[in-house]
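Now for the letters of each chain:
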Amino acid sequence: MERYQEREKVRREKREGRSDRENHRKRPKKKSHKVYAFFVLLLGCVIIGVTFFLLFYVQKITVSGNEYTTDQEIIESVRSDRYSVNSLYILGKYALEKGEVLPCLEQMKIRMKAPWSLKVTVKEKPIVGYIRNGENYDYFDKEGMIVFESLTLLEGIPYVEGIDVGEIKLYQYLKSDDTRIFEQILETSKEVAKYGLTSAKIICEGDEICLDIGSIRVCLGKNVSAEQIAQIPPILEKLGDRAGNLHLENYSETAGTITFEAAETETGEGQPPAVQ
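Since this is a predicted model, take the numbers as computed values, not measurements.

**What to know about the overall build of the protein chain**
Summing up its helical and strand segments, the protein chain has six helices and 12 strands in all. A sequence separation of at least 24 residues applies to 45% of the contacts in the protein chain between residues at least 6 apart. Counting only carbon and sulfur atoms, one obtains 51% of the accessible surface of the protein chain, whose full area is about 17,900 Å².

Pasting the structure below:
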């Protein structure tokens, strides 16, 4: 009996020894599985990151809606920082209103045509007139800000005189004691273009607006209206080649008069002005 018990004891010890050895072998396997899973996960993240970078890497940006601003200027403003090579980053930047918008633009919208291609649609600030700055033509908006500089004259934009310009730089404002004068220039510019008076020169005399059209100076006063400009073409047709000042300061659609003051060469010195 004792011998039997001793043999059983030896068998149990052998079984326990094998069990311990097996457990010892299994533990490294569990650890190796975790390391393997970590590297698989890491590799997956790297693949996703590389795919994300390559797929959304901006290769093409197209621009529409611009007339005087170049495509390149707009594209450079869109890609103004080091991270703006990713289309999703650019979309997010402008969605949060953190993207750069040129001062000459009223509006800029960006949409994705493809993961690697963006479409930029802009709306430029309207040009109301231009002044000469040496050999340059400097074009400004209704607030008097220089929005465009060029050696080329744009057709249909009136020339403006009488503004104290000082030093002129792009995206800076022209000087004027009365800032609303630029709003009056805008109204004058729109109506002059509407009635085909593109040869007219806009003259600022203090806070009043005049037009030089050939040998006729048209005085419009402080508040320019569409009704005033509408009277000019038929009157010019009646005046023919005459020279002088056409006064529309007090004219409106419901009241007021229009007078024409002929030049001294026509009326003779000291004669009263002619009334139209």
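**Some thoughts on the side chain of Gln 184**
Within the secondary structure, Gln 184 is located in helix 4 (residues 181-194). If we skip the residues at most four places from it in the chain, Gln 184 touches Ile 209, Lys 222, Asn 223 and Val 224.

**With respect to a nonpolar patch on the surface**
Among the surface-exposed residues, Val 35, Phe 38, Phe 39, Leu 42 and Val 46 lie close enough to one another that they form a single nonpolar patch of about 480 Å² accessible area. Structurally, Phe 39 can be placed in helix 1 (residues 2-55).

**Concerning the sheet that holds strand 1 (residues 60-64)**
Taken in spatial order, the three strands line up as 1-3-2 in an open sheet, and their pairing is mixed. Both outer strands of the open sheet, strand 1 and strand 2 (105-114), are each paired with one neighbouring strand and no more. For this sheet, the mean inter-axis angle between neighbouring strands, taken without regard to orientation, is 20°. Here strand 2 runs beside strand 3 (residues 117-124); their pairing, made up of eight bridges, is antiparallel. If you follow Arg 111 over to strand 3, its bridge partner there is Lys 119. Sitting on the sheet, helix 3 (residues 87-95) is in contact with strand 2 and strand 3, with an inclination near 150° to strand 2.

**A look at the environment of Ala 263**
With respect to the element layout, Ala 263 can be found in the loop between strand 12 (259-262) and helix 6 (264-267). Judged by relative accessible area, Ala 263 falls into the partly exposed class, the value being 24%. Between the C-alpha atom of Ala 263 and that of Asn 245, which follows or precedes it by 18 residues, the distance is 7.3 Å. Among all residues touching Ala 263, those that are not within four sequence positions of it are Ala 243 and Gly 244.

**Side note on the packing of aromatic side chains**
In this structure the tally under the stated criterion is seven aromatic pairs. Three or more aromatic residues joined by ring pairs make a cluster, and in this case those are Tyr 68, Tyr 130, Tyr 137, Tyr 139, Phe 148 and Tyr 159. Across the ring face of Tyr 137, the terminal group of Arg 132 is positioned such that the distance to the ring centre comes to 4.2 Å.

**Some details on the pairing of strand 4 (residues 129-133)**
In terms of strand pairing, strand 4 meets strand 5 (residues 136-140) through five bridges, oriented antiparallel. Counterpart to Gly 129 in the pairing with strand 5 is Phe 140. Remark: two residues form the turn of the hairpin made by strand 4 and strand 5, two consecutive strands paired antiparallel; Gly 134 in that turn has positive phi of roughly 65°.

**What about the nonpolar core?**
Residues Phe 140, Ile 185, Leu 211, Val 218 and Ile 232 are the most contacted members of the largest nonpolar core, which totals 35 residues. When residues of this core are traced back to their parent elements, those giving at least two are helix 4, strand 8 (201-205), strand 9 (208-213), strand 10 (216-221), helix 5 (226-239) and strand 12.

**Examining helix 3**
Among all positions of helix 3, only Ser 87, Ile 90, Lys 93 and Tyr 94 are buried. End-on view of helix 3: buried residues confined to an arc of 125°, all on one side of the axis. Capping the start of helix 3, Asn 86 holds a side-chain oxygen 3.0 Å from the backbone nitrogen of Leu 88, two or three residues further along. Downstream of helix 3 by one or two residues, Glu 97 has phi in the positive range, about 60°.

**Some points on the state of the cysteines**
Between two cysteines, a covalent bond joining their sulfur atoms is known as a disulfide. Tallied over the entire structure, the rule returns zero disulfides. Here Cys 219 stays unpaired: no disulfide links it, and the sulfur of Cys 210, its closest cysteine neighbor, is 4.0 Å away. Relative accessible area serves as the criterion here: at 10%, Cys 219 is assigned to the buried category.

**Quick notes on the pattern of salt bridges**
In total, this model carries six salt bridges according to the counting rule given. We note a salt bridge from Asp 207 to Lys 222, for which the minimum N-O separation is 3.5 Å. With Asp 207 in the loop between strand 8 and strand 9 and Lys 222 in the loop between strand 10 and helix 5, this pair connects stretches of sequence that are 15 residues apart. By relative accessible area, which is 42% here, Lys 222 ends up partly exposed. One network of salt bridges, with partners in common, ties together Glu 205, Asp 212 and Arg 217.

**Topic: the environment of Gly 65**
Take Gly 65: it is sitting in the loop between strand 1 and helix 2 (71-78). Spatially, the C-alpha atoms of Gly 65 and Val 122 are 5.1 Å apart, while their sequence positions differ by 57 residues. When neighbours within four sequence positions are excluded, Gly 65 is seen to be in contact with Val 122 and Glu 124.

About the thresholds
- Residues numbered from 1 in each chain as written.
- Predicted model: local features only at pLDDT ≥ 70, side-chain atom pairs only at ≥ 80, totals over all residues.
- Heavy atoms only, no water.
- Helix = DSSP H or I, 4+ residues; strand = E, 2+ residues; numbered from the N terminus.
- Contact = heavy atoms within 4.5 Å.
- Areas by Shrake-Rupley, 256 points an atom, 1.4 Å probe, with all protein chains shown as cover.
- Patch = residues over 30% accessible without salt bridge, like charges linked within 9 Å, V, L, I, M, F, W, Y side chains within 5 Å.
- Salt bridge = Lys/Arg side-chain N within 4 Å of Asp/Glu carboxyl O.
- Pairing = 2+ DSSP bridges.
- Axes fitted to C-alpha atoms, helices over the stretch in contact; angles between N-to-C directions.
- Buried < 20%, exposed > 50% of the residue type's maximum accessible area, 1.4 Å probe, protein only.
- Phe/Tyr/Trp six-rings, centres within 6.5 Å; stacked < 30°, edge-to-face > 60°.
- Lys NZ or Arg CZ within 6 Å of the ring centre and 35° of its normal.
- Core = buried A, V, L, I, M, F, W, Y, C linked by side-chain atoms within 4.5 Å.
- Arc of directions from axis to C-beta.
- Polar contact = N/O pair within 3.5 Å; in protein donor to acceptor, adjacent residues only side chain to side chain.
- Disulfide = S-S within 2.5 Å.

Just geometry here; none of it tells us what the structure is for.
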